[in-house]
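Next come the chains, spelled out residue by residue.
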Amino acid sequence: MRRAIALARTRVGLTAENPAVGCVIVRDGVVVGEGVTGEGGRPHGEEVALDGAADLARGATAYVTLEPCGQRSSGGLSCSERLVAAGVLRVVVACSDSSIYADGEGSRRLQAAGVAVDHGLMQAEAEALYAAYRPAKSLESRR
Ligand SMILES: Nc1c(N[C@@H]2O[C@H](COP(=O)(O)O)[C@@H](O)[C@H]2O)[nH]c(=O)[nH]c1=O
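In this text, all values refer to a predicted model and were calculated from it rather than measured experimentally. (Residues numbered from 1 in each chain as written. Predicted model: local features only at pLDDT ≥ 70, side-chain atom pairs only at ≥ 80, totals over all residues. Heavy atoms only, no water.)

### Let's talk about the nonpolar core
Where we set the bar: Nonpolar core, defined: a set of buried Ala, Val, Leu, Ile, Met, Phe, Trp, Tyr and Cys residues in which side-chain atoms within 4.5 Å join the residues together. To sort residues, take the accessible area from a 1.4 Å probe on protein chains only and compare it with the maximum for the residue type: under 20% means buried, over 50% means exposed, and anything in between is partly exposed. Starting at the N terminus, helices and strands are each numbered in turn, a helix being any DSSP run of H or I of at least four residues and a strand any DSSP run of E of at least two. When checking whether two residues touch, look at their non-hydrogen atoms; a contact exists if any pair is within 4.5 Å.
Counting 36 residues, the largest nonpolar core has Ile25, Ala62, Val91 and Tyr130 as its most contacted members. When contributions to this core are tallied by element, the ones reaching two or more residues are helix H1 (2-9), strand S1 (22-27), strand S2 (30-36), helix H2 (45-53), strand S3 (61-66), helix H3 (79-86), strand S4 (90-95) and helix H5 (123-129). Sort the elements by how many residues they give to this core and S4 lands first, with five residues. Not counting residues within four places of it along the chain, the set of residues in contact with Val91 comprises Ala62, Val64, Pro68, Leu83, Leu110, Val115, Ala116, Val117 and Asp118.

So, in structure tokens, the structure goes:
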């Protein structure tokens, strides 16, 4: 998680109006993928990390600085769905995202698919990253 937070920190202020999210994927004690939200807010950090890990994500643990999204504003695959499809077995989340595109839905989707979800690792450090982040509260707020 320390590495995921360091990755996120490199993009703070460059991803508006999305938050900068760091993701590190670990299997058998080895980092098999890592990523951070792209400039302008996309791709999401989990997408970058999963693309890097490819098949090595199967059975792995993902460390994510913010709760993975449960829905995309574009209607595409959410990060929760991508993590499930990749075969990730455990997701460790530093802090929650109260956006309408997450707000517990990301974690629920993961758990419903049998993925173990742990919240709160390095939460204070992650929350400090998101002090200026204003989560989307309505569809109108994205227009
Ligand atoms: N940037 C970011 C997230 N951002 C969250 O995902 C929501 C939908 O994003 P979008 O579909 O791109 O408009 C966005 O409003 C915000 O709550 N989530 C993540 O899992 N990882 C990421 O890297």
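### Here we look at the sheet that holds strand S5 (residues 116-119)
Let me state the cut-off plainly: Two strands qualify as a pair provided that DSSP identifies no fewer than 2 bridges between them. All axes here are fitted lines through C-alpha atoms, helices being fitted over the stretch that makes contact, and every angle between N-to-C directions spans 0 to 180 degrees.
Read from one edge of the open sheet, five strands run S2-S1-S3-S4-S5, paired in mixed fashion. Strands with a single pairing partner mark the edges of an open sheet, and in this sheet they are S2 and S5. Strand-to-strand twist of the sheet, defined as the mean angle between neighbouring strand axes without regard to direction, takes the value 15°. With six bridges connecting them, S1 and S2 associate as antiparallel partners. Note that in S2 the partner of Val24 across the bridge is Glu34. In this fold H1 packs onto S1, S2 and S3, with an angle of close to 150° to the strand it touches most, S1.

### Some remarks on the site of the ligand
Rules: Note on definitions. A residue lies near a molecule or strand when any single heavy atom of the residue is within 4 Å of it. Polar contacts, as used here, are pairs of N or O atoms within 3.5 Å; protein pairs need one atom able to donate a hydrogen and one able to accept it. Residues neighboring in sequence count only if both atoms are side-chain atoms. The protein chains shown are the only cover counted for residues, whose accessible areas, like all others here, come from Shrake-Rupley with a 1.4 Å probe. Lys, Arg, Asp and Glu make up the charged group, whereas Ala, Val, Leu, Ile, Met, Phe, Trp, Tyr, Cys and Pro make up the nonpolar group; the residues left over, Gly among them, are polar.
If you check the shell around the ligand, you find 19 residues, and the closest are Thr37, Arg42, Glu46, Arg72 and Ser73. Within the side chain of His44, an N or O atom sits 2.8 Å from an oxygen atom of the ligand. Between the ligand and Ser73 there is a distance of 2.5 Å, counted from an oxygen atom to a side-chain nitrogen or oxygen. Here the ligand has 510 Å² of accessible area as a free molecule, and 100% of this is covered by the chains. Of the residues contributing to the shell around the ligand, the split by class is seven nonpolar, six polar and six charged.

### Focus on the UniProt feature "domain: CMP/dCMP-type deaminase" (unreviewed entry) in the chain
Heads up, the rule is: UniProt positions are given in the numbering used here, feature names are shortened, and annotations may be inferred rather than shown by experiment.
Residues annotated in UniProt with the feature "domain: CMP/dCMP-type deaminase" (unreviewed entry) correspond here to residues 1-117. A distance of 14 Å separates the end C-alpha atoms of residues 1-117, which is 28% helix and 23% strand.

### What about H3?
Stated precisely, the cut-off is as follows: Of all possible arcs, the one meant is that of the directions from the helix axis to the C-beta atoms.
Within H3 the residues assigned to the buried category are Cys79, Ser80, Leu83 and Ala86. The arc that holds every buried residue of H3, seen down its axis, measures 130°, which confines them to one face. Buried residues belonging to H3 abut H2, S3, S4 and helix H4 (105-112).

### A short note on the pairing of S5
The condition that has to hold: With the strands aimed away from the viewer, a crossover counts as right-handed if its path from the first strand over the helix to the second runs clockwise.
Bridge count between S4 and S5: four bridges; the pairing is parallel. Within the sheet, the bridge partner assigned to Val92 lies in S5 and is Asp118. The parallel pair S4 and S5, bridged by H4, forms a crossover whose chirality is right-handed.

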